[in-house]
Every structure is written in C-alpha cells, then in structure tokens.
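Chain by chain, the residues run as shown.
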Amino acid sequence: MARNRSFLRIGETAVPGKSRLFLFFSLAPAFAFILFFGIYPFLFACFYSVRSFYFGLNVDNVFTGMSNYHNSVIDPLFQYSMFVTLVFVIVSVGLQLLIGVGAAILFSVIKTKAYKYIQVFLSLPLMMPPVVTGFLWWYLFNTDLGIVNYYLSYFGIMPRNVNLLANPITALASIIYADVWMWTPFIMIVTYAAIQSIPNDVMEAAIIDGAKDRHLIRKIILPRIKTALLVVLLIRVIDAFRTYDLVYVLTGGGPGTSTQVASLEIYNTAFLKWFLGQSFAQALMLTAILILVGNILIYLLRRGV
Amino acid sequence: MKVSSLIKFVLVALVTLILIAYFDLPILVMIITAFKQRADIFTPVPKWIFTPTLKNFADIFAGTTTMAEGTLAIRNSLLFVTISTVIAMFIGSLAAYGFSRFKFFGREDLLFFVLSQRFMPGIVIVLPMFVLYSSVGLRGTPLGLILLYINAALPFVIWMMRSFFDEIPREIDEAARLDGHSWFTIFIKFVLPVARNGFLATFLFSFIFGWGEFLFALILTTPESWTMPIAIVNSRVSSEILWGQIAAYGVISIIPVFIIAVALQKYLVRGMTLGAVK
Amino acid sequence: MAKLVVENVTKKYGPALTLEKISFTAEEGQITVLLSPPNGGKTGICKIVAGLDEVDSGKVYLGDRDITNLEPKERNVSMMFQKLALYPNMNVFENIASPLKARHLPPSEVKKQVEAIANKLKISHTLYRKPGTLSGGERQRVALSRALVKSDAELYILDEPLTNLDAKIRASMRAEFKILQKEINQTMLYATPDPIEALSLADKLIVLDRGKIVQQGTPEDIYRNSVNKFVATLVGYYPINLIEGSIIERGKKIILQTDAFEIEISKLRNSVKDYINSKVTLGLRPELLNIAKTEPKTQEPSDLFYIKGDVFEFEIRGSDTVVYVKINDQIIRVLESKITKYDTGMTVWLQFNLKDIYLFDAASEQLIR
C-alpha cells in the first residue's frame, strides 16, 4: 500500500508545509539556547576531560585519553563522595516523599478550606535560596549560638558542647535534615494538586462502596497520582544528586571530607586543585549516572507504571 | 460516629500543628534574629526578649559592613530572575506546544535530550561559559547571566508545559484551525489560556529555582552584577559571620517569592496531574 | 455551495482501521450522510475532507479545486465536531465569532452575524456565558452556530452532531435540523451511527463498514435493496429479523425452509435458481410485518404469507408497539405503528408480503428483493 513517507506528522497525519514551518519556529528558539548554552559546554567538557587541562598554568593540553576518568574512579575520595551522595539522595528524597505525600494525602482526605492558606505557610522553606537555608541551619546547629544545641541539652538529650557538625554522622544527618526541610513542601504542593485533579465521582463512588480511608488512599489515590509522583521524583532525585549550595554553606564538605558530596568534590577538583580536565571527567561521569537514572524513571513513567 | 470523627479532627489538627511547627519555627527564629542586635545574637543562652533593631536591614541597604551592596544585589536578583523566568516561560511553552501537538521522528528522544540538559552538574556549564564569555566580553554582564538562567529554566518549563498541553484535547486546535486561525494564534489565544493553571504553577517553581541559583552567579558575575545569594555568602567576612545581617537577608529573600505565591495561590491548588489524566 | 468529490481515498490508521478506496460525491445543496457503526471510518473521512488529516493516496475535490493538499483554512469548509470542541476560556459569543474574527471582519459585522445565527438557533440568551455553564443541548447549538456562521463556506461537515444528546432532545433536534437544512440549502456532509437519523435526513446515503463503502444511494434505495446482511441490519427503523434456513425444491415448488416454518417461494424461481439446496438467511423487517388476530382466509396462490404463532411478549413504546411472536421456538419481532394490546400467549397470524422479504446467501449477499 502506498504510503507517504513523511517523517513529520500531527497526530496520525503528515504535516503539510505551513504547519511544518510553525513546528520549526516553535522549537527553534528553545533549541538555539540549548545549543549554545548546553551543547557547547558539554562538548567543551568532553574535549577537555580527555586532556590534562590545568587552568591558568601554561601546561600543554596533552591528550591523555581516559586517564582522568581512570584516576577519578580509583580515587578513594571520589568514590567516597559518590557514596555519600548516594546515601544523601536516597535518605533525603525518601523522607521528602514520605512526609510530602503523606501530608498531601492527609489534607486531601480532610478537605479543609483553610488549606490554601496553610499551603503558603508550609512552603516558606522552599522560598529561600538554598544558601540562606544553609546559613540558617548552620546557625541553628551552631554549638555556641544555635538553639538546637541549647534546647537539646536543656532537656537533657545531649551535652551542651557537642558540635553537631563535627561528627561525620550527625553532620550528614544535619544536611539531610535541612534538605528535607527545604524540599518537602515542593512535593507536598504538587502531590496535593495532583490529588485534587482526581475526578470527584471516582472518590465518591469509592466512599459509597464503603471504602475505609486506608483503602481509599491505597487503591484510589496512589495509582492516579503515580505520574505526578514520578515526575516530581525525577526532578528531586536529579537535583539532589547535584546538591551544592546547601552543603557548601552548611558543612563545607566537613568535618574533613565526610559530607563531601559529588558536586563539592567536582568543584574542589576544579578550583582548589585546578585539575580541570579531571573535574570535567568526574562531572561527566556523574552526568552519565543521572542519565541512566533519568532513563529508568522515564521508562517507568511512559509505561504508566 | 462522633467519637471517631472527633479523634480524626484532633489527629489532623495535631499533625497540622506539628507540620507548621517543623517548617515555620526555624523561619520564625530567623525573623527574630534579623531584628536582634549583635550582642543579643552572640549569647550562649538564647535570648527571646530583647530590644529590636533595624540595624541589620539598614546595613544591607547601605552596604556598609560587607563587600556587597545589598540594594544592588537585591535589585539584580529580582531583575535577572524575573526577566529570565518570563522569557523562559514563553520560549519554553512555545516549544512545549510544538512537542505536544506534532508527532515527529525522534520526538520522545529529543524531549529526553532537552530534559537531560538539567542533568549536568553546574561545573560543566559554568567553566566553558566562563571561557566563552571572557572572550566575547560577556563575563560579568547581566545579559550573560540572564541568558544562562533562561537556558537553565527551559528543560523544566518544556517538560511541565508539555504535560499540561497534552491534557488539552486536540479538538480545540482542530476547531480553531478550521475557523482559519494561524498556529501561533491558536497557541496564544486558544490553548495557553486553558493551560493557565499549569502555566502559573510552572512559573512559580521556575522562579524559585532561579531565585536560589548560586554557582553561575558566583563564577560569572562581578560586584556590579552580584545577585543576592552572592551577597549573602559574602556576609561571611573573615573576622566573623554577620548572623544578624544574614538573617535579615533571609527575611528579605522570602518576600518576593511569598508575594508571588500568595498572588497565584488559587491557581496552584488544582490541575497538576502532570499527564495522568488523558 | 459546491460539489464535493472524494476519489479513491485510502488511509491506514493502524491495525484497527483502514479507509480503503473511498469514492463518493456529495452533490450541491444536498445532505450526504455517512452511516456506520462506531469506528467505521466516518470521522476519519470527515477529518480528511476538512483538511485535518492527510490521505495516503486519493484525491479530494471541492467545486473545481483540488483541495487534497490544502490546509483547512484554505479549503473554505466549515465543520462541527462530535465532541463539540467549544473553546472553554471564551464565552458563547466569542466561540461563534471565532471563524469571523479569523478573517478579520470588522467588529460590527461580526456582531451582526453572530447575533443573527444565535437568533436562528435560539441561543441568544446564552451569548455571554461560558460553554461550561450551558446544558448539553445548548452547547450543541453553539457548536452548530459556530459551524454555520461561516455562511459562505462551500461545504459543511457535521460529525455526529446529535450523538451526545439524550434521545428525547435528539428526536426534536432532528426535526429542527431538517427544516434548518432546507433553509440553508448548502452542501452538507453528515456523519452518524444512527440509522433513523440517516434515513430521515439524507438526500444521499453512504453506508460504511470498517473503512469500506458497502453501499451508496438514496435512503429508500438502500432500505429496499440492501446489498447485504450488514446493510439490511443497519439501515432500518428497528432491528431486522434474521432467520437461518435453506432453499429446497419439492416437486415443482421451491420452498424456503426454516426450523420454524416453511414458505413457498416458487414465484422467485428465477432469482433463486442458483441457490437451490444451499443455505440462506431470511430477512424480515419488523415494520413491514403485520399481525392478524384471526385466521385469514387465503386464496392460493398469493403473495401474502400467513404463519401461525403465539404472542410471546409485547412492548408499547409511545406511539407504536413491538410484538414478539413466537413460532415454534423462533421469536420474530413485529413493529406495529399503532398501540395494540395483546394477551400473552394468544394465537395470532404473522402476515407479510413476498415482495418484502430479503434473502441472503449465508455468506452475506442479497439475492432477491
């Protein structure tokens, strides 16, 4: 059967001339930006990641093949930073999801009119730049000035002069705590809106059928917001892997290097050690991991899970 | 079942209270700190009763104690983020519309490609851009930063808006085409208004993402073009940390976003199935 | 108005449906109706004619122009969508005005025309409300108005305009529509799955079965001379009775034999001679059957058949009655255009005329009328 060999279609149909023109111009501005500010840097990074590139010094750009990559992979510091980042992402995003979705479901099932106002106040943490959040929690967790220390010791939970940020484990806990504090509202807002979009008759039918709240939640709400959740998850996971501002301000990677998340490590390699080539290699490896994770999540999304 | 609904109510009220305490108490502390004098901050025992002062705010606006001129930084942030977000919203929505309405070879792959722009750690973009900008004289200019911010916002905008457009039945486009309107008119007058809620929600979140941006600003700005996060970090002067001032910055930084959120709040509560309802 | 010619249009939509070699003509000033069960290809054809879809092969002509590759805007057609596709963010006035505004008519002219058509379709009172606030019937009229306001279009395409209305409104809208069409006197392409709509509105009827045209002609023609079982079943006022049987020869007579009864059809000898000893399907339209309460006196030979049976059940539907007559385990439906009461179980005689029967080869072909 003869078939138009058109690679461009609207819906099921091939796109005639004028529409083709529109499609081109609708996508063009965005792609112009992406080309300049996305592709170019990416290629730049690729190019220099296989070279010994030291910024500012007159060392020749020698092609060094995969040595940057290799060195990074065997570097225990880099390995550790990836590990810490992984832990950070899993715990932090996990908690955010739990609290955020939980709160959203709670508020949906209860149906208060006050929610509109509550929502704005619950999302204040989201509105501050991460650097401010970092400073805020640095202040709060500060041994001498912070109220956390003071009140925890006041109630006898902890001695007065423990430096929360000097212990690797509590330091990690601190940045996780701050990150959860900052981002949970995001998840809550989006999830709540998604739940609101479930048609009322579905909910009412279930209630009439005598569904208890627990069932209502599990069988009706969760499946329908899966898409929204996955999108939000995608955004949060990717961003959590790239966390920089918060950690930089709150712990600076410390104590020592115990909270040196990947982004920090990459940045340090670039600006403290000046190993730009290597830093690019590390960054690209992180990108590769994120692309993998992204692909998995999107696959789940497309398949409708 | 009055008892069980009473229990429910109490439970919910309790949870709400806990949530509000968890999220808002730290902010409260920050606000209070912003009005404290230096001496009141550096006390071993937290002081809740004190004489408030506006000195912290005054310092910011006069730019006396830090290297940053507060007013300038605040103005820059407002300007850069607003302009870049607005432009990104339009360019991105237009592209999202194209992605939504037209099927073409490699569409989903191209979409993933767009999204993956967001996967690269800041370093990958910043350094090369630093080099590029230096050679074309854009380094440290507002334009340079704005362009970069627009690009940073695009993937998110395109992804979000596409899912919102997908939910609008194609019949509307078809009817408008038969009426004789051009694609661009259809986009602006017929489809975008219907996606209004999603548009505003995306705008708010994009704004929030840009508002907090630090790395690009750090590397690519000069003192004249510093944004607020930079100014805040610069409050970490060598001798000591100006907590009061930082707290004041914190308070100031919330206000614009807060205003936008309140203004848009009625649009945010619905309509974000993000593709679930088709 | 202009003549629409569709020539050998073919389009594959995927495994489920393919439009194959669709060819027909919609004459000027007439309503041409596309009739098929859901997913038969009607909407596909409408969209192709409107320019919203492209063909894989074939051509479309409107008047003396080849419009096969033109954008919708350039085709000078107007369309009403099954799903109505009203613009939710605009009020009724703006919805109807949309085609006019796209042509940059001056506002005063726009106002005049919109108000005129709103008047005609009796929705003037809704002009400044949004579609979401209107009833189903009102929304229908808005969509129709938007389609009709383009008064100089050469062709009007209506894709299942009445499908989304409930039955009661549908009947009255149908009548109104017939009057409207006479007033407007334009070329119309009308798609519907409802045979009653098709029979009452069409000047020309085209029956589709899963993407192929099976028969086209005047409604009467198709009704009387249904080319196969599918068409006979689809095009009728009430589902046709289909009874399996076979044709045998007994002596000099040709008999149609079914499990329930036999009738002599020697008069049709010429038409059925190739089908003796083969299986056929007998079709009896309920509306062409009659019921006699007393045994009629017959004169043989006659063209009228009488078969004895019992009343199994009956249903009074408004102004007509459906009677289920049971003949030896076979139930036959009869549609009487009056209200009659029966006693269940009473004996009656089914009456029908030789010329009203349909005979189909078991492999779905019609034989004789």
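On a predicted model such as this, the values are computed, not experimentally measured, just so you know.

**Considerations on the packing of helix H6 (residues 122-136) of chain B against helix H7 (residues 142-166) of chain B**
Residues and elements named next belong to chain B.
- Close contact between H6 and H7 brings their axes to 12 Å; oriented N to C, the two are set at 145°. For the pair H6 and H7, the crossing hand works out as right-handed. Across from Ile-125, Met-129 and Tyr-133 in H6, the residues of H7 making contact are Gly-144, Leu-145, Leu-147 and Leu-148.
- Each residue belonging to the contact of H6 with H7 can be placed in one class, and the counts come to six nonpolar, one polar and no charged.

**A few points about the pairing of strand E19 (residues 347-353) of chain C**
Residue and element names in this part refer to chain C.
- Counting buried positions over the seven residues of E19 gives five, a clear majority of the element.
- Where strand E15 (residues 290-292) and E19 come together, three bridges link them in antiparallel fashion. Among the inter-strand pairings, Asn-290 is bridged to a residue of E19, identified as Gln-351.
- Summarising the sheet, strand E16 (residues 304-317) and E19 pair through seven bridges and their orientation is antiparallel. Of the residues in E19, the one forming a bridge with Lys-308 is Trp-349.

**Here's the deal with the pattern of salt bridges**
- Within this structure, the stated rule accounts for 23 salt bridges over all chains.
- Several salt bridges share partner residues, and in doing so they unite Arg-107, Glu-108, Arg-162 and Asp-166 of chain B into one network.

**Here's the deal with the confidence of the model for chain C**
- Looking at chain C as a whole, its pLDDT mean stands at 85, while 96% of the residues score no less than 70.
- Confidence metrics for the complex model read pTM 0.86 and ipTM 0.86.

**Describing the nonpolar core**
- Counting residues in hydrophobic clusters, the biggest one holds 235 residues, and the most contacted among them are Met-161 and Phe-165 of chain B together with Leu-4 of chain C.
- Here Leu-4 of chain C is in contact with Phe-24, Thr-25, Ala-26, Val-49, Val-60, Tyr-61, Leu-62, Leu-155 and Leu-189 of chain C, once residues within four sequence places are set aside.
- Counting residues in hydrophobic clusters, the runner-up holds 46 residues, among them Leu-100, Val-110, Ala-147 and Val-231 of chain C.

**Quick word on helix H4 (residues 107-120) of chain C**
All names here are of chain C.
- Between its first and last C-alpha atoms H4 spans 20 Å; for 14 residues at 1.5 Å apiece the expected length is 20 Å, and the two agree.
- Residues Val-110, Val-114, Ile-117 and Ala-118 constitute the buried set of H4. Projection of H4 onto a plane perpendicular to its axis shows the buried side chains occupying an angular sector of 105°, all on one side. Among the exposed residues of H4, those oriented more than 90 degrees off its buried face are Ser-108, Lys-112 and Asn-119.
- Next to the buried residues of H4 lie helix H3 (92-102) and helix H5 (136-148).
- Among the residues trailing H4, Lys-122 stands out with phi positive, at a value near 60°.

**Digging into the pairing of strand E2 (residues 17-26) of chain C**
Residues and elements named next belong to chain C.
- In the sheet, strand E1 (residues 4-14) pairs with E2 via seven bridges, with the strands oriented antiparallel. Across the sheet, Val-9 pairs through a bridge with Ile-22, a residue of E2.
- Connecting E1 to the antiparallel partner E2 that follows it, the hairpin turn spans two residues.

**Some details on the interface of chain A and chain B**
- Between chain A and chain B, the contact holds 106 residues from the first and 100 residues from the second.
- Taken together, both faces of the contact between chain A and chain B bury some 9400 Å²; the carbon and sulfur share is 79%.
- If you sort the residues of chain A by the area they bury against chain B, Phe-22, Phe-37 and Phe-135 of chain A come out on top, with a joint share of 8%.
- Our enumeration of links across chain A and chain B arrives at one salt bridge.
- Where chain A packs against chain B, one counts six residue pairs in polar contact (both at pLDDT 80 or more).
- Ranked by residues supplied to the side of chain A that touches chain B, first place goes to helix H1 (residues 17-49) of chain A with 20 residues.
- Here the residues of the side of chain A that touches chain B sort into 82 nonpolar, 14 polar and 10 charged.

About the criteria used
- Residues numbered from 1 in each chain as written.
- Chains lettered and ligands numbered in written order.
- Predicted model: local features only at pLDDT ≥ 70, side-chain atom pairs only at ≥ 80, totals over all residues.
- Heavy atoms only, no water.
- Axes fitted to C-alpha atoms, helices over the stretch in contact; angles between N-to-C directions.
- Helix = DSSP H or I, 4+ residues; strand = E, 2+ residues; numbered from the N terminus.
- Left-handed = near helix turned anticlockwise from the far one by under 90°.
- Contact = heavy atoms within 4.5 Å.
- Nonpolar A, V, L, I, M, F, W, Y, C, P; charged D, E, K, R; others polar.
- Buried < 20%, exposed > 50% of the residue type's maximum accessible area, 1.4 Å probe, protein only.
- Pairing = 2+ DSSP bridges.
- Salt bridge = Lys/Arg side-chain N within 4 Å of Asp/Glu carboxyl O.
- pLDDT = per-residue confidence, 0-100.
- Core = buried A, V, L, I, M, F, W, Y, C linked by side-chain atoms within 4.5 Å.
- Expected span 1.5 Å × (residues − 1).
- Arc of directions from axis to C-beta.
- Buried area = accessible area lost by both parts, 1.4 Å probe.
- Polar contact = N/O pair within 3.5 Å; in protein donor to acceptor, adjacent residues only side chain to side chain.

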